[in-house]
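Read off the chains here:
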Amino acid sequence: MIQHLSFLPILLPMLAGVLLLMPPLGTNKSNRRVASVVLSIFAFAASLALLLKVQADGTQVYAIGDWSAPFGIVLVADPLSTLLVCLTTLLGVVCVLYASAGDDEKGDFFHPLVHFLILGVNGAFLTGDVFNLFVFFEVLLIASYSLLMHGGDKKNTRAALHYVILNLVGSAIFLIALGILYGVLGTLNMADMAQKVALLQGDDVFLAKIGGMLLLVVFALKGALLPLHLWLPNTYATAMPVVAALFAIMTKVGVYSMMRVYTLIFGDEAGELTHMAQSWLWWLALATIAMGAVGVLASKDLRKLIANLVIVSVGTLVALVAVQTVEASAAAIYYLVHSTLVTAALFLLADLIGRQRGDIADKISAGPAVAQPRLLGTCFLIAAIAVIGMPPLSGFIGKVWLLKATLNAEYTFVFWPLYLLASLAILVGVSKAGSTVFWHHHAKVTEEKTQELVHPAQLVALIILVSAAPLMSVFAGPLSEYAIGAANQLHDFNHNINLILSRGQ
Amino acid sequence: MTLLWIPLLSLLGSIISSTTGKLTRNQSTGLTLLMPVIALLMTISLAPAVFSGEVIRETISWIPLLGINIAFRLDGLALLFVFMILGIGILVIFYARYYLSSNDSMPKLYAYLMLFMTAMLGIVMSNNIIQLWFFWELTSISSFLLISYWWHKPDARKGAIMALTVTGGGGLALLAGLLLLGNIVGSYDLDVILASKEIIQGHAWYEITLILVLLGAFTKSAQFPFHFWLPHAMAAPTPVSAYLHSATMVKAGIFLLARFYPALAGTDIWFILVSLTGLSTLLFGAYVALFKHDLKGLLAYSTISHLGLITLLFGLDTKLAAVAAIFHIINHAIFKASLFMATGIIDHETGTRDMRKLNGMWRFMPYTATLAMVAAAAMAGVPLLNGFLSKEMFFAETLHQQLLGSMSWLIPVLATIAGALAVAYSARFIHDVFFNGDPIDLPKQPSEPPRYMRVPIEILVALCLVVGIFPNFIVDDVLKAASFAVLGGYVPEFEVALWHGFNLPLLMSAIAVIGGLLLYTQRRYLFQFQASLPSLNAKKTFDESIYRITKWCQRKISDSENGSLQRYLMLMFVFVLLFAGWPLFEMNQLGGQKQLTPIDVHNAMGAALLMVGTISTVIWYRARVVSLLMLSVVGLMVSVVFTRFSAPDLALTQLTVEVVTIILLMLALFFLPQHSPKESSSVRVVRDIAISAGLGIVVASICYALITRPLESISAFFLANAKTGGGGTNVVNVILVDFRGFDTLGEICVLGIAALGIYKLLVNLPLVIPASDSEGRPWAKERYPILLASISQSLLPLALMVSFYIFLRGHNLPGGGFIAGLVTAVAFILQYIAHGSSWIVARLTINYRKIIASGIAIALFTGVGSWFFGRPFMTTWFEYFDIPFIGEIELASALVFDVGVYITVVGATLMILASLGQLANEPKEEVNT
């Protein structure tokens with residue numbers, strides 16, 4: 001079993017999805033809930049075990065069907081992909097648990113779909129083959145379409161429709177890009193592609209460039225980079241919050257793909273195409289940060305606000321990817337984990353707050369007081385401090401690190417002021433939202449609507465996410481070491497090529 | 001470990017005090033006081049070492065990779081601040097016990113106060129500048145919580161946000177500055193930085209670093225023009241104000257100036273920026289203070305003014321000025337804390353802080369009045385009190401600087417004017433409140449406060465006197481030690497004394513006192529003049545600018561996110577055009593070395609049909625059925641192309657997919673309007689044509705470039721190994737189920753999930769079924785033609801046979817699970833069309849989701865099976881068996897995998913069909929037909 005550990009983060013969610021559609025696990029509500037939570041914990045445990053193995057024995061390359069790279073599909077469990085798999089499965093546990101308080105029954109197939117989504121995301125993180133990446137993009141997209149419509153109304157379905165159509169076009173572009181790259185390079189394994197790109201000559205270079213740039217469009221759409229981010233605010237704000245929380249990982253798949261493609265394939269050793277996307281990434285990232293900050297100030301409800309925070313975090317991450325140094329990538333890795341967990345926590349909080357404020361829900365305006373101000377207020381304060389990037393929580397370390405990592409980059413003179421201004425905008429936006437929601441009440445509280453108290457399952461889920469911010473700060477020492485190690489390996493071209501291509505040959 | 005314990009104890013105190021909700025007020029206060037008192041005693045025990053010039057350090061590793069460590073350091077400057085923070089903190093806590101009403105939560109206030117104390121201690125004791133920033137921001141957070149203590153009041157909420165915004169913004173600038181500083185020096189260690197003056201000031205980044213650090217300091221210490229948050233912070237309970245204005249918060253900004261004085265000061269730009277900011281703040285604060293009717297407002301602006309004075313002193317280019325600055329830090333903390341506490345008593349006992357109502361308090365609370373008057377006199381700089389001494393030093397230093405060249409004489413003149421203003425507002429504080437006739441409309445009948453509420457003030461006022469009369473006796477050591485730290489080792493000879501003889505500073509003091517009293521007596525004219533000026537309301541301006549920014553942002557967002565899918569798609573296509581088109585222009589030659597094959601009639605015809613189909617789809621896109629039919633032409637032509645170029649598997653797949661898709665789309669179109677209205681303007685049509693033509697050109701060029709180039713690819717491996725390694729002669733199928741079977745597994749998941757999603761979307765969808773077609777013709781009476789029904793029924797077994805055959809031959813000849821599944825699905829679809837879904841549902845009672853799940857499960861478990869042979873997932877196995885009478889047959893694990901594929905495809909397709917079909921079978925319709 002231990003030699004198949006790299007495959008478990010894919011196998012277990014797929015198995016969970018299948019089992020939850022069939023008797024005996026899928027037959028009734030309580031069976032489904034218990035099974036879903038247990039299976040999601042299995043997946044998380046397996047991911048953790050893989051993480052420990054990768055820490056102990058180094059990167060695991062798993063050749064599916066025993067066909068070695070570049071001919072077959074290989075899974076590459078390196079420190080970066082394994083970390084993200086752990087993050088995804090953890091988020092899965094949290095969301096499944098949270099939804100088990102009642103959200104899961106507001107439509108069909110919630111639990112299987114969540115597991116299928118995790119399957120897609122894990123696959124995208126682990127695969128070393130670019131066509132297989134496309135397949136897992138499809139898996140996670142189709143699962144996400146379905147989840148978007150969960151418990152949906154008209155507004156929600158409309159946003160979901162936009163999401164579906166844009167992503168279908170994105171998939172078509174992805175395929176065209178892959179066709180071009182295969183046409184030039186004759187291979188689909190990412191390590192092999194990286195090797196071949198360096199050897200390109202003449203006009204083939206430009207054809208490969210087209211392929212690479214088209215991939216950028218796809219990843220920019222997935223990761224929500226300006227101006228392809230326009231779908232995100234509405235989609236995330238109208239999705240059921242627990243789904244939006246799960247989607248916190250989805251934009252990161254786009255960012256992760258950029259990291260892989262523009263560090264390994266079109267990175268330091270790509271001959272004429274070395275760092276070909278760098279300046280594009282920079283400017284797109286900067287524009288995204290600016291737009292996200294504007295959105296944060298403009299938001300009229302909490303979920304929109306959080307959606308815009310997601311956009312800022314994507315812009316920040318891509319800016320770090322664009323620097324293409326080990327330190328920047330390490331900062332990106334830390335920041336990615338932090339921002340995913342914190343935005344997920346905020347989405348859940350917005351939901352709980354909204355449920356206790358009657359008709360006004362999560363709108364940022366005066367309304368009835370929440371029923372559990374101490375619990376929700378404390379959690380919101382923690383999440384807000386983390387997302388703003390103030391001490392003592394994880395956001396502060398992320399902020400210090402990313403500023404430090406970009407200090408000597410090419411566009412620092414634009415990035416620093418812009419990022420700091422965006423931070424100020426977030427500070428103002430979030431603190432205003434929090435003080436309005438928690439402190440600004442109508443003179444008389446109308447008690448016509450019963451306020452839903454936080455369900456124990458929701459509470460556990462919330463606490464797991466919220467406690468991540470202080471924990472990531474306390475354990476910043478070992479975490480930063482891990483991130484540096486992961487980034488080192490991401491940038492170690494020869495090591496990656498040898499490791500992936502040498503197996504079994 | 002003693003050093004670490006000082007902030008740790010106060011943090012502990014914060015936690016302890018937050019849990020004292022059930023205790024009495026005295027117990028709660030006592031418990032809260034315990035920790036800071038212990039910390040103070042520890043500090044005192046460390047003091048002698050520091051006085052002797054030692055710097056105590058302690059470091060614990062935290063994030064070594066980032067150079068961020070938990071590092072504490074106690075030198076003279078830190079010691080001074082620790083004394084002030086703990087000392088005044090203890091008095092404030094004690095005072096708050098009597099101040100808070102029984103409705104207010106005491107544990108909450110104490111917890112926040114202690115947190116704030118921790119943050120301040122952290123700032124002054126940090127030996128790592130990132131850690132310093134850490135605590136710096138913590139003061140912003142905890143002051144936010146303190147100011148918003150009475151959060152139900154709008155003033156408190158707004159004041160808190162304003163303070164957070166300004167100091168938080170400054171904090172960000174400070175962070176940038178500190179990171180630059182760390183980068184210049186190569187370390188975040190304060191020890192290293194303080195010793196690297198030359199490196200820092202010689203660096204190209206020095207100016208920007210300095211400006212960023214100063215921005216942090218000035219916003220925190222409420223320097224003009226960032227001062228406006230401080231008066232609004234007084235929405236906090238008065239004990240909090242007493243703390244914020246004296247020993248903490250604003251003093252953090254001043255501390256920063258002092259802390260980095262050895263490293264950053266000494267250049268012209270430092271002197272100009274710091275002194276001019278300080279000077280304008282000094283004058284502005286003193287002037288505005290005079291006009292405030294609210295007692296706390298007066299004190300707030302007086303704080304601003306005094307902070308300006310201290311800043312100005314740091315900006316004067318003499319060594320002694322820094323000493324004077326430190327001395328004034330001490331004095332200001334002492335008298336300002338006592339004044340705020342006295343104000344709190346007056347507010348507490350009368351219910352108002354308005355000086356137009358408060359008059360003649362002397363009669364009601366003579367004892368408190370005496371204390372307040374002494375403190376106010378110290379603020380004015382009256383001899384025998386501490387304020388006088390530092391003000392004297394200040395005047396003396398303004399005379400010694402050469403800052404403005406030939407215009408340097410302006411500074412002492414302006415300083416004297418500010419001094420006069422300070423005397424005037426202090427006089428107003430004393431005279432208006434305690435004398436000046438009788439009180440007007442007080443909410444409460446005033447009296448002396450509880451005995452112990454005055455104790456903290458008594459202690460502080462006593463200090464004012466003792467320092468004022470015997471300066472050397474009490475502050476000499478700490479002042480020398482702090483100056484030693486600020487000046488970086490060299491302390492000029494100085495003597496703090498009451499009497500220096502008749503000299504210029506004394507004259508300036510005299511002018512200030514007389515001028516101030518004159519100003520106060522003639523204030524009527526000044527007030528009239530002030531009333532004629534346009535009033536500046538910082539809160540209104542701040543709120544309005546936030547409002548305006550928010551509106552602007554909302555406009556920008558609604559402009560860009562206008563909800564138009566067409567626009568979003570257009571942007572994406574433009575990006576594709578740009579990204580894919582640009583490199584094309586960089587190419588030297590589009591075509592490759594390969595020879596083009598000659599065009600024959602068949603190919604030309606096919607291509608023409610393909611084009612006609614495509615263009616017709618677009619032209620008739622508003623007539624949806626026609627458009628769909630044209631689309632099917634395109635699809636069929638593609639499958640013909642596959643056949644023509646020897647790709648039978650692809651052709652078969654394409655054909656069956658096409659059939660299923662078109663039928664499903666037909667079904668979907670039934671619920672949609674038959675015609676879509678014309679929506680695009682002509683300009684838009686032109687734009688869209690341009691974009692799509694551009695895309696067409698780009699994609700076609702890329703295709704041409706690719707197919708005219710020779711390709712060396714991994715496909716040779718597949719051809720060579722399909723039979724030997726995969727056990728099949730149909731390479732396409734071996735790729736699908738073996739080499740890249742993992743992709744297939746993913747894709748059948750996609751198919752299955754899509755079916756679930758469609759079901760999910762449609763299951764509760766209330767759709768109105770159109771009674772007629774778009775021209776108003778009713779539907780045909782005979783919904784299910786008998787002829788079709790009978791033929792389709794007899795076709796079913798045949799079709800199933802065919803699909804079974806296609807399935808079995810798949811591994812070696814064109815076919816396979818995917819195609820077979822689609823053929824089976826088509827056979828069932830035909831039954832649906834012929835009989836209607838209710839007829840089928842009655843006869844075919846199967847649960848599609850279970851079918852899909854079992855299909856995926858079969859494929860998955862086939863893959864897992866290879867584990868039992870010690871091989872990775874999906875390693876295939878095949879063997880040839882010689883069976884009597886039948887001959888040699890091959891058994892392969894891939895075949896089982898293909899069964900999974902087959903079942904999933906059938907299940908998913910039928911589930912989609914059934915979901916769409918059930919919509920058409922609303923019970924009402926059934927009754928009618």
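No experiment lies behind these values; they were computed from the predicted model shown. (Residues numbered from 1 in each chain as written. Chains lettered and ligands numbered in written order. Predicted model: local features only at pLDDT ≥ 70, side-chain atom pairs only at ≥ 80, totals over all residues. Heavy atoms only, no water.)

1. Here we look at the overall build of chain B
When you go through chain B residue by residue, the secondary structure sums to 38 helices and four strands. Over its C-alpha trace chain B gives a radius of gyration of 43 Å, far above what one expects of a compact globule, namely 30 Å for 929 residues. With the C-alpha coordinates aligned to their principal axes, the bounding extent of chain B is approximately 130 × 65 × 60 Å. Considering only intrachain contacts with a sequence separation of at least 6, the fraction spanning at least 24 residues in chain B is 79%. As displayed, chain B offers around 39,000 Å² of accessible surface, 68% of which is attributable to carbon and sulfur atoms. Charged side chains of chain B number 56 positive and 52 negative; the gap between the two group centres comes to 9 Å. (Helix = DSSP H or I, 4+ residues; strand = E, 2+ residues; numbered from the N terminus. Rg over C-alpha atoms; globule rule 2.2 N^0.38 Å. Contact = heavy atoms within 4.5 Å. Areas by Shrake-Rupley, 256 points an atom, 1.4 Å probe, with all protein chains shown as cover. Lys, Arg positive; Asp, Glu negative; His and termini not counted. Charge placed at Lys NZ, Arg CZ, Asp CG, Glu CD.)

2. Thoughts on the overall build of chain A
For chain A, the helix and strand inventory stands at 20 helices and two strands. Principal-axis analysis of the C-alpha atoms places the extent of chain A at approximately 75 × 60 × 45 Å. Across chain A, contacts joining residues at least 24 apart in sequence account for 79% of those joining residues at least 6 apart. Here chain A has roughly 14,200 Å² of accessible surface; of this, 63% comes from carbon and sulfur atoms. Across chain A, the centroid of the 26 positively charged side chains sits 12 Å from that of the 27 negatively charged ones.

3. Looking at the domain arrangement of chain B
All names here are of chain B. When cut into domains, chain B gives domain 1 (1-168 + 185-196 + 232-262), domain 2 (280-524) and domain 3 (729-928). Between the C-alpha centres of domain 1 and domain 2 there is a distance of 24 Å. Taken residue by residue, the interface counts 32 residues in domain 1 and 39 residues in domain 2. Linking domain 1 to domain 2 there are zero salt bridges. For the side of domain 1 that touches domain 2, the elements supplying multiple residues, two or more each, are α3 (76-99), α11 (238-246), α12 (250-259) and α13 (261-264). The leading source of residues in the side of domain 1 that touches domain 2 is α3, at 13 residues. Here the side of domain 1 that touches domain 2 is built from residues that sort into 24 nonpolar, five polar and three charged. (Domains from an automatic or database assignment. Salt bridge = Lys/Arg side-chain N within 4 Å of Asp/Glu carboxyl O. Nonpolar A, V, L, I, M, F, W, Y, C, P; charged D, E, K, R; others polar.)

4. Considerations on the UniProt feature "domain: NADH:quinone oxidoreductase/Mrp antiporter transmembrane" (unreviewed entry) in chain B
The feature "domain: NADH:quinone oxidoreductase/Mrp antiporter transmembrane" (unreviewed entry), as given by UniProt, occupies residues 126-401 of chain B in the numbering adopted here. The distance separating the terminal C-alpha atoms of residues 126-401 of chain B is 32 Å; by composition the span is 76% helix and 0% strand. (UniProt positions renumbered as here; feature names shortened; annotations may be inferred.)

5. Thoughts on helix α5 (residues 130-148) of chain A
Residues and elements named next belong to chain A. Here α5 contains 19 residues, and its C-alpha end-to-end distance of 26 Å stays within 8% of the 27 Å for a straight helix at 1.5 Å per residue. Across the 19 residues that make up α5, a large majority, 18, are buried. Its side-chain oxygen placed 2.9 Å from the backbone nitrogen of phenylalanine 131, aspartate 129 serves as the N-cap of α5. (Expected span 1.5 Å × (residues − 1). Buried < 20%, exposed > 50% of the residue type's maximum accessible area, 1.4 Å probe, protein only. Polar contact = N/O pair within 3.5 Å; in protein donor to acceptor, adjacent residues only side chain to side chain.)

6. Details of the pairing of strand β2 (residues 74-77) of chain A
Residues and elements named next belong to chain A. Here β2 shows a buried face lined by Val74 and Val76 and a second buried face lined by Leu75 and Ala77. Relative to β2, strand β1 (residues 60-63) runs antiparallel, the two sharing four bridges. Paired with tyrosine 62 across the strands is leucine 75, a residue of β2. (Pairing = 2+ DSSP bridges.)

7. Remarks on the nonpolar core
Ranked by internal contacts, the top residues of the largest apolar core, which has 508 residues, are Tyr262 of chain A together with Trp270, Phe314, Phe742 and Phe873 of chain B. Filtering out sequence-adjacent residues up to four positions away, phenylalanine 742 of chain B remains in contact with Phe7, Ile10, Ile64, Ile73, Leu75, Asn132 and Phe136 of chain A together with Phe873 and Met874 of chain B. Ile714, Phe718, Ala722 and Val734 of chain B belong to the second largest nonpolar core, which has eight residues in total. (Core = buried A, V, L, I, M, F, W, Y, C linked by side-chain atoms within 4.5 Å.)

8. Regarding the interface of chain A and chain B
Contacts between the two partners involve 121 residues from chain A and, on the opposite side, 104 residues from chain B. The contact between chain A and chain B buries some 10,300 Å² in all, and 79% of this surface belongs to carbon and sulfur atoms. The largest per-residue losses of area from chain A upon contact with chain B belong to Trp67, Phe71 and Trp439 of chain A, which jointly make up 8% of the total buried on that side. Counting across the interface, chain A meets chain B through five salt bridges. As a salt-bridge pair, aspartate 66 of chain A and arginine 871 of chain B come within 2.4 Å of each other at their nearest N and O atoms. (Buried area = accessible area lost by both parts, 1.4 Å probe.)

9. Observations concerning the UniProt feature "domain: MrpA C-terminal/MbhD" (unreviewed entry) in chain B
Under the UniProt annotation, "domain: MrpA C-terminal/MbhD" (unreviewed entry) lies at residues 609-674 of chain B. Annotation note: span residues 609-674 of chain B, helix share 82%, strand share 0%, distance between end C-alpha atoms 25 Å.

10. Quick word on the confidence of the model for chain B
Residues and elements named next belong to chain B. In the predicted model, chain B carries a mean pLDDT of 89, and the fraction of residues at 70 or more is 98%. Ranking the elements of chain B by mean pLDDT puts helix α38 (residues 923-928) last with 39 and helix α9 (residues 206-220) first with 95. This stretch, residues 923-929, has a pLDDT under 50; its non-local contacts, to residues over four places away or in other chains, come to five contacts. Quick note on the complex model: pTM equals 0.94, ipTM equals 0.94. (pLDDT = per-residue confidence, 0-100.)

11. Things to note about the pattern of salt bridges
Residue and element names in this part refer to chain B. On inspection of all chains with the given rule, the structure shows 36 salt bridges over all chains. The salt bridge involving lysine 158 is made with aspartate 543; its shortest N-O contact spans 3.9 Å. Here lysine 158, found in helix α6 (residues 154-185), pairs with aspartate 543, found in helix α24 (residues 538-560); they are 385 residues apart in sequence, far enough to count as distant. Notably, a salt bridge pairs arginine 548 with glutamate 544, separated by 3.7 Å at the nearest N-O pair. Taken together, the positions of arginine 548 and glutamate 544, both in helix α24 and four residues apart, correspond to about one turn of that helix.

12. Topic: a nonpolar patch on the surface
All names here are of chain B. Where nonpolar side chains cluster on the molecular surface, the patch consists of Trp877, Phe881, Ile883, Phe885, Ile886, Ile889 and Leu891 and spans about 750 Å² of accessible area. Of all the secondary structure elements, the ones that give two or more residues to the nonpolar patch are β3 (878-883) and β4 (887-892). Along the chain, phenylalanine 885 falls in the loop between β3 and β4. Given a relative accessible area of 90%, phenylalanine 885 falls into the exposed group. (Patch = residues over 30% accessible without salt bridge, like charges linked within 9 Å, V, L, I, M, F, W, Y side chains within 5 Å.)

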